[in-house]
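# A look at the structure
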Amino acid sequence: MKKWIKIKPPKKIIEEFLSVNPEAAELLKILSLINIELDTNIDRQSIEESLNLPNTKETFIELLDAGIITQKESHQEMYKFSHRQIQDALKVQTDQKYHERVLQYYERKRKKYGVNMNDDIEILFHRVKINPTEDLVNEFLILVNKIDPFNQEYKRLIEIAEEFYLLDDKYKAPVLIALANLLSVIGKSEDAEKKYLDALDIYKNLANQYYRVYLPYIAATQNNLGTLYIDLKRFEEAEKIYKDALKAYKMLEKQYYEMHIAHVDSVQEDLITPYFKLNDFKEPENSYPNVLKDYKELLNQYYDLIIASLQKNYL
């Protein structure tokens, strides 16, 4: 097959090649969604064995002959786009079905190489692009806690996080916190501060309806923000936010104590302070015993450590 002259602009290469080879169009759109920054992408064998396309093997060879796809220098069986502009131009032509095809590629790749963190992140990315559900938020939070922040995959995690912004605030807020923690570690302090502040606003708004449920999250977010201000040597802002966090934790301690006393000492509903009556909650899963259990767990997780630190440094 005739090779295209390399000096042609990437857009021109695409137009000319796809006009005479529609089968290549489908394959190229799928390939465009694969993260070629990973050393193990694009794996030719996994592509050829996973995609149910006509003449996949032959089409891949044609892409190589045309100079659109090239072999990676460090890996004999791994490939990349010869021009990043080609990949970027093709991405905008894709939709949900192409992300589904890429998932097929990763399923085959896992059988060949086994499970690894980078592929897990890529798989989550494509699942989120297909349907960013609340269930996937937990998977995202787990991955953020596992990854080395200085690994280039943090960029993909940011892209995943942005897909969750359309969810309800109670799911969006923990995503913002995780993202802020990541950005803070890699030195993107201004971006981290904005994420923390956005999360804090969300938790304060949620607390207007479910105050004692979201108070611990307000305090924890303020503590993270205070730590960031200390790192930035913005000590006056740090002191203020730490005092706000301490105040929130003291309120949490007081409420937990009052709830505990009410629960132990009273059998009749009218002995429970009106503030803690069950009908304050609109959602059935937020029952009184569950709230009490959640508070205890949160106190065990945060209270002693943070209160001790704040009292030592600021009181």
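From a predicted model like this one, the values you see are computed outputs, not experimental measurements.

## Here we look at the overall build of the protein
- A count of helical and extended segments in the protein gives 14 helices and two strands.
- Here the protein holds 315 residues, and 44% of them are scored as buried.
- The long-range fraction of contacts in the protein, counting pairs at least 24 apart against all pairs at least 6 apart in sequence, stands at 65%.
- By element, 50% of the accessible surface of the protein is carried by carbon and sulfur atoms, the whole surface being about 17,200 Å².

## Brief notes about unusual backbone geometry
- The amide bond that connects N41 to the next residue, I42, takes the cis arrangement and shows omega of -10°.
- Position of I42 relative to the elements: it lies in the loop between α2 (22–32) and α3 (44–50).
- One non-glycine residue, N55, lies in the positive phi region at around 60°.
- Examined against the element boundaries, N55 turns out to sit in the loop between α3 and α4 (56–65).

## A word on a negative patch on the surface
- A cluster of acidic residues, E134, D135, D168 and D169, forms a negative patch at the surface.
- Position of D135 relative to the elements: it lies in helix α8 (residues 135–146).
- On the basis of relative accessibility, which here comes to 63%, the residue D135 falls in the exposed class.

## Here we look at the packing of aromatic side chains
- Applying the stated criterion across every chain, the model contains six aromatic pairs.
- On the numbers, 5.3 Å between centres and 20° between planes, the contact of Y203 with Y217 is stacked. Residue Y203 is located in helix α11 (residues 189–207), and its partner Y217 is located in helix α12 (residues 211–231); the two are separated by 14 residues in the primary sequence.
- We classify Y203 as buried; its relative accessible area is 5%.
- Where Y214 meets Y217, the ring centres are 6.0 Å apart and the plane angle is 45°; that geometry is what we call tilted. One end of the pair is Y214 and the other is Y217, both in helix α12 and three residues apart, which spans about a single turn.
- You can call Y214 buried: its relative accessible area is 11%.
- Taken together, the ring pairs in this structure connect Y203, Y214 and Y217 into an aromatic cluster.
- Taking the ring centre of F125 as reference, the NZ or CZ of R156 above it sits at 3.8 Å.

## Structural notes on helix α7 (residues 117–130)
- With 14 residues, α7 should cover 20 Å at 1.5 Å per step; its first-to-last C-alpha distance of 20 Å lies within 8% of that length.
- In this structure, the buried side of α7 is in contact with α6 (96–113), α8 and α9 (154–163).
- Sitting at the head of α7, N116 places a side-chain oxygen 3.1 Å from the backbone nitrogen of N118.

## A few points about α9
- Listing the buried residues of α9 in full gives Y154, R156, L157, I158, I160 and A161.
- Considering only its buried residues, α9 is in contact with α7, α8 and α10 (169–185).

## Side note on the side chain of K195
- Relative to the elements of secondary structure, K195 occurs in helix α11.
- Notably, K195 is buried but unbridged: the nearest opposite-charge side chain belongs to D198, and the N-O separation is 5.4 Å.
- One polar contact links K195 to Y165, side chain to side chain, over a distance of 3.2 Å.
- Sequence-distant contacts of K195, defined by excluding residues within four places in its chain, comprise Y165, L176, L179, A180 and L183.

## Some points on the nonpolar core
- Formed by 44 residues in total, the largest nonpolar core has its most connected members in L124, F140, L157, I160, F164 and Y203.
- At the level of secondary structure, the elements contributing two or more residues to this core comprise α7, α8, α9, α10, α11, α12 and α13 (235–265).
- Sorting elements by how many residues they give to this core places α10 first, with nine residues.
- If we ignore the near neighbours within four places in the chain, the residues touching I160 are I121, L124, F125, V128 and F140.

## So, the confidence of the model for the protein
- Summing up the model confidence of the protein, the mean pLDDT is 78 and the portion of residues at 70 or higher is 72%.
- Averaged pLDDT values over the elements of the protein bottom out at 49 in helix α14 (residues 288–314) and peak at 95 in α7.
- Counting contacts from residues 260–289, a segment whose pLDDT is below 50, to residues more than four positions away or on other chains yields 35 contacts.

## Some remarks on the pattern of salt bridges
- As enumerated under the stated definition, the model contains 15 salt bridges in all.
- Residue R44 pairs with E48 through a salt bridge whose shortest N-O separation is 3.0 Å. Taken together, the residues span about one helical turn, with R44 and E48 both in helix α3 at a distance of four residues.
- The exposure class assigned to R44 is buried, which follows from its relative accessible area of 17%.
- By relative accessible area, which is 24% here, E48 ends up partly exposed.
- Each member of the salt-bridge network shares a partner with another, and the members are E37, R84 and D88.

Calculation criteria
- Residues numbered from 1 in each chain as written.
- Predicted model: local features only at pLDDT ≥ 70, side-chain atom pairs only at ≥ 80, totals over all residues.
- Heavy atoms only, no water.
- Helix = DSSP H or I, 4+ residues; strand = E, 2+ residues; numbered from the N terminus.
- Buried < 20%, exposed > 50% of the residue type's maximum accessible area, 1.4 Å probe, protein only.
- Contact = heavy atoms within 4.5 Å.
- Areas by Shrake-Rupley, 256 points an atom, 1.4 Å probe, with all protein chains shown as cover.
- Patch = residues over 30% accessible without salt bridge, like charges linked within 9 Å, V, L, I, M, F, W, Y side chains within 5 Å.
- Salt bridge = Lys/Arg side-chain N within 4 Å of Asp/Glu carboxyl O.
- Lys, Arg positive; Asp, Glu negative; His and termini not counted.
- Charge placed at Lys NZ, Arg CZ, Asp CG, Glu CD.
- Phe/Tyr/Trp six-rings, centres within 6.5 Å; stacked < 30°, edge-to-face > 60°.
- Lys NZ or Arg CZ within 6 Å of the ring centre and 35° of its normal.
- Expected span 1.5 Å × (residues − 1).
- Polar contact = N/O pair within 3.5 Å; in protein donor to acceptor, adjacent residues only side chain to side chain.
- Core = buried A, V, L, I, M, F, W, Y, C linked by side-chain atoms within 4.5 Å.
- pLDDT = per-residue confidence, 0-100.

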